[in-house]
Amino acid sequence: MTEKIRMAGDGHDTETEREISWRAKSVGLAAFDIDDAELMHRWRSDPVAAYHIGIWPRSLTAVRERIERDIEDDDRDDFLIYPSGGAPVGYVALTSQNIVNGTAQVELMLAAQHRGQGHGTAALDAVVDLAFGELPMYRLTAETHTDNAPALAVLAKSGFTQEGVSRAACLHCGRRHDLAVFSLLRPEWEELNRPRAWDV
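Overview of the structure.

Calculation rules
- Residues numbered from 1 in each chain as written.
- Predicted model: local features only at pLDDT ≥ 70, side-chain atom pairs only at ≥ 80, totals over all residues.
- Heavy atoms only, no water.
- Helix = DSSP H or I, 4+ residues; strand = E, 2+ residues; numbered from the N terminus.
- Axes fitted to C-alpha atoms, helices over the stretch in contact; angles between N-to-C directions.
- Left-handed = near helix turned anticlockwise from the far one by under 90°.
- Contact = heavy atoms within 4.5 Å.
- Nonpolar A, V, L, I, M, F, W, Y, C, P; charged D, E, K, R; others polar.
- Buried < 20%, exposed > 50% of the residue type's maximum accessible area, 1.4 Å probe, protein only.
- Arc of directions from axis to C-beta.
- Polar contact = N/O pair within 3.5 Å; in protein donor to acceptor, adjacent residues only side chain to side chain.
- Pairing = 2+ DSSP bridges.
- Right-handed = clockwise from strand over helix to strand, strands pointing away.
- Phe/Tyr/Trp six-rings, centres within 6.5 Å; stacked < 30°, edge-to-face > 60°.

## What to know about unusual backbone geometry
So, point 1. Despite not being glycine, Ser 96 has its phi angle at roughly 50 degrees, a positive value.
So, point 2. Within the secondary structure layout, Ser 96 lies in strand β5 (residues 90-98).

What follows is the structure in C-alpha cells.
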C-alpha cells in the first residue's frame with residue numbers, strides 16, 4: 001500500500017515528494033528520513049512535549065545522529081504523520097520489536113498546533129493495525145506520565161488498557177514522575193469495532 005504525496009511547508013526548504021507507505025482513516029504514514037531532523041528537532045524543543053514525554057533539549061546534530069542510528073535499526077519503524085492534504089503533524093513509531101515474542105512498543109508525538117484534532121488517535125490506530133495486521137505482533141505497550149491527560153485519552157480511545165504504574169520511573173526537570181504503563185493484545189485488537197487501515 002504505497003502512494004506519493006507532494007508536500008510543501010513541512011519544515012523543509014523545498015517542496016518534497018514523500019512516499020506514503022501506510023494509510024488509515026484520516027492520516028498517512030511516511031517512513032522517517034534523515035532530512036526530517038530539523039522538523040523533529042523543532043517538535044522535541046516544544047516545552048509541553050518535552051514535559052509530557054520526559055525528554056530534554058538536544059542539538060540538531062544530536063537529533064540527526066539519532067535518526068541516522070534509528071533508520072539502521074531493524075527493530076523499529078518510525079513514521080511522519082500526514083493528514084489528508086496537509087504537511088506532517090507529528091511522528092509515530094513502533095519500537096523495540098521482538099518478532100520471536102511478538103512484542104513492540106509504540107511512541108507518539110504531535111506538533112503543538114496540531115494537538116486535539118484527532119490526528120493522534122488516527123496515527124496510533126494506523127500503527128497498531130500495521131503491528132497486528134502486517135507484522136506478527138501479539139502485545140503492544142506504551143508509557144506516558146500519569147498526568148499526561150491527552151496521551152492517556154488517546155491510548156484508551158485506541159483500545160489500550162492501563163495495566164499499572166511504574167513509580168518514579170522518569171526524571172525530568174528535577175522531579176521524579178510516575179509512568180502509566182499501557183498494553184494492547186492481539187485478541188483485544190481483533191474485538192475493536194472500528195475499520196482497519198486496509199478498509200479505508
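Continuing now.
## A word on the packing of helix α1 (residues 37-44) against helix α3 (residues 60-71)
So, point 1. Axis separation between α1 and α3 bottoms out at 9 Å; the angle between their running directions is 120 degrees. Here α1 and α3 pass one another in a crossing that is right-handed. Counted together, Ala 37, Glu 38, Met 40, His 41 and Arg 44 of α1 and Leu 60, Val 63, Arg 64 and Ile 67 of α3 form the full contact between these two elements.
So, point 2. Among the residues making up the contact of α1 with α3, the classes are represented as five nonpolar, one polar and three charged.

## Observations concerning α1
So, point 1. Where α1 is concerned, the buried positions are Ala 37, Leu 39, Met 40, Trp 43 and Arg 44. All buried residues of α1 fall inside an arc of 160 degrees around its axis, so they share one side.

## Examining the side chain of Arg 196
So, point 1. Mapped onto the secondary structure, Arg 196 falls in the segment after α6 (186-191).
So, point 2. In this structure the side chain of Arg 196 is engaged in a polar contact, spanning 3.0 Å, whose partner is the backbone oxygen of Arg 194.

## Focus on the pairing of strand β7 (residues 139-145)
So, point 1. Here β7 lies mainly inside the structure; five of its seven residues are buried.
So, point 2. Strand direction decides the pairing type here: strand β6 (residues 103-110) and β7, joined by three bridges, are parallel. Across the sheet, Ala 104 pairs through a bridge with Leu 140, a residue of β7.
So, point 3. Each parallel crossover has a hand, and for β6 linked through helix α4 (residues 119-133) to β7 it is right-handed.

## Some points on the packing of aromatic side chains
So, point 1. On inspection of all chains with the given rule, the structure shows four aromatic pairs.
So, point 2. Centre to centre, the rings of Phe 132 and Trp 189 are 5.3 Å apart; their planes meet at 35 degrees, and the pair counts as tilted. With Phe 132 in helix α4 and Trp 189 in helix α6, the pair connects residues that are 57 residues apart, well separated along the chain. One exposure class covers both Phe 132 and Trp 189, and it is buried.
So, point 3. A centroid spacing of 6.3 Å and a plane angle of 70 degrees characterise the contact between Trp 189 and Trp 198, whose relative ring orientation is edge-to-face.
So, point 4. Residue classification places Trp 189 among the buried residues on the basis of a relative accessible area of 6%.
So, point 5. Of the residues examined, Trp 198 reaches a relative accessible area of 39% and is grouped as partly exposed.

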